[in-house]
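Here is how the chains run, residue by residue.
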Amino acid sequence: MIKLVVFDLDGVITETSEQHFIAWKTLADSKNIVIDREFNESLKGVSRYDSIVKILKYGNVLDDYSKEEVKKLMKIKNDNYVKLISKFNEDNINGGVEDLFIYFKKNNIKIAIGSASRNAPFLIKNMKLDVYIDYIVNPLNLDGKPSPDIFLDAANHFGISPTECIGIEDAISGIKAINTAGMISIGIGDKKILKDADYVYDSIGEIDYKVLEEMVK
Ligand code: B16
Ligand code: MG
């Protein structure tokens, strides 16, 4: 029986990848590194630090930057990103998300956010979704996806066995993290890309309640 559902944020509850892309591209451009939307795909679900390392490696300039300089670049990107998401509100919630939250609440199932983003609490509050959320994982001192740590932290917080949890993700690394954690994985996106997920739907609004009904029994 399912007792907890752990939701990823970007690509599941809302769409922030364009804002992440603009902020990373602005930074990369200033260092003469050319990144495109295809490259941005490889940054989905990846932590801020791991993303800057990937970009600097891609530009063959990683060794030119000290740890302090890397930190400064992360701050520049994040300040820009925070500006870009500052107006996010209820209109930015993906279709079907609130219905799912209401369904899980009705069935006494806990809801957690398992995002790599340190901006998750801000977004959840601005979209007025905090009323549904029982716990938001702080990813700061945890290994990033595909490590299972973010998902396991949510299960541990409630003392619930991972086998009684569902994880919902849009990134390959996230599905890997959920599967390694021993939870049921639901992928949102392309079936070919998210082939390792237990279930895959094109969008969160298309999740089959008949399938959920079997899991919550
Ligand atoms: P921040 P998710 C991830 O969100 C994004 O997909 C990824 O592009 C971003 O770098 C990461 O959060 C960290 O975000 O810089 O805001 O801490 O998909 O795990 O919800
Ligand atoms: Mg995501």
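In this numbering scheme, every chain counts its residues from 1 along its sequence in written order. Each chain gets a letter, beginning with A, and each ligand a number, beginning with 1, in the order they are written. For this predicted model, a pLDDT threshold of at least 70 governs which residues receive local features, and a threshold of 80 or more governs which side-chain atom pairs are given and counted, while totals over whole chains, interfaces and linings are taken from all residues.

Description of the packing of helix H3 (residues 48-58) against helix H4 (residues 67-84)
Here is step 1: Angles here are taken between N-to-C directions and fall from 0 to 180 degrees, while the axes themselves are lines fitted to C-alpha atoms, restricted in helices to the stretch in contact. The numbering of helices and of strands both runs from the N terminus, where a helix is a DSSP run of H or I of at least 4 residues and a strand a run of E of at least 2. For the pair H3 and H4, interaxial distance at closest approach is 10 Å and the crossing angle is 110 degrees. By the angle between their axes, H3 is roughly perpendicular relative to H4. Across the interface between the two elements, Arg 48, Tyr 49 and Ile 52 from H3 touch Val 70, Leu 73, Met 74 and Asn 78 from H4.
Here is step 2: For the contact of H3 with H4, the class distribution of residues is 5 nonpolar, 1 polar and 1 charged. Angular relationships are summarised with four words: roughly parallel below 35 degrees, roughly antiparallel beyond 145, roughly perpendicular across 65 to 115, and oblique for the angles in between. Contact definition: two residues whose C-beta atoms, as placed from backbone geometry, lie within 7 Å. Residue polarity follows a fixed list, in which Ala, Val, Leu, Ile, Met, Phe, Trp, Tyr, Cys and Pro are nonpolar, Asp, Glu, Lys and Arg are charged, and the others, Gly among them, are polar.

Some words on the site of ligand 1
Here is step 1: Nearness between a residue and a molecule or strand is assessed with a C-beta atom placed from the backbone; a distance within 6 Å qualifies. Residues in close proximity to ligand 1 total 20 residues, the closest being Leu 9, Asp 10, Ser 115, Ala 116 and Ser 117.
Here is step 2: Every element with two or more residues in the shell around ligand 1 is listed here: helix H1 (17-30) and H3.

What about the UniProt feature "binding site: Mg(2+)" (unreviewed entry) in the protein chain?
Here is step 1: Per the UniProt entry, the sites bearing "binding site: Mg(2+)" (unreviewed entry) are Asp 8, Asp 10, Glu 169 and Asp 170 in this numbering. Spatially, the listed residues are clustered: although they cover 163 residues, their C-alpha atoms lie within 8.7 Å of one another.
Here is step 2: Inspection of the secondary structure assignment puts Asp 8 in the loop between strand S1 (4-7) and H1.
Here is step 3: With 29 C-beta atoms packed within 10 Å, Asp 8 lands in the buried category.
Here is step 4: Setting aside residues no more than four positions away along its own chain, Glu 169 makes contact with Asp 8, Val 12, Gly 174, Ile 175, Ile 178, Ser 185 and Gly 187. UniProt positions are given in the numbering used here, feature names are shortened, and annotations may be inferred rather than shown by experiment. Counting other C-beta atoms within 10 Å of a residue's C-beta gives its exposure: the residue is buried at 20 or more, exposed at 12 or fewer, and partly exposed in between, where C-beta atoms are placed from the backbone.

Some thoughts on the pairing of S1
Here is step 1: Side-chain alternation along S1 places Leu 4 and Val 6 on one buried face and Val 5 and Phe 7 on a second face that is also buried.
Here is step 2: Pairing between strands is defined by DSSP: at least two bridges between the two strands are required. For S1 and strand S2 (residues 110-113), the ladder comprises 4 bridges, and the chain directions are parallel. Paired with Leu 4 across the bridge in S2 is Lys 110.
Here is step 3: Here S1 runs beside strand S4 (residues 165-169); their pairing, made up of 4 bridges, is parallel. Pairing of Leu 4 across the sheet is with Cys 165, part of S4.

What about helix H7 (residues 149-158)?
Here is step 1: Within the sequence span of H7, burial applies to Asp 149, Ile 150, Phe 151, Leu 152, Ala 154 and Ala 155.
Here is step 2: Buried residues along H7 sit against S1, S2, strand S3 (135-136), S4 and helix H8 (172-181).
Here is step 3: Gly 159 occupies a position one or two residues after H7 and carries a positive phi of about 65 degrees.

Here we look at the packing of H1 against H4
Helix packing geometry: the angle between the two helix axes and the distance between the axes.
Here is step 1: Two elements in contact, H1 and H4, have axes separated by 9 Å at closest approach and are oriented at 140 degrees. Classified by the angle between their axes, H1 and H4 sit oblique to one another. As H1 packs across H4, the resulting crossing turns out to be right-handed. For the pair formed by H1 and H4, the contact residues are Gln 19, His 20, Ile 22, Ala 23, Trp 24, Thr 26 and Leu 27 on the first element and Leu 73, Ile 76, Lys 77, Asn 80, Tyr 81 and Leu 84 on the second.
Here is step 2: Class assignment for the residues of the contact of H1 with H4 results in 8 nonpolar, 4 polar and 1 charged. In this scheme the crossing of two helices becomes right-handed for a clockwise turn of the near helix relative to the far one and left-handed for an anticlockwise turn of less than a right angle.

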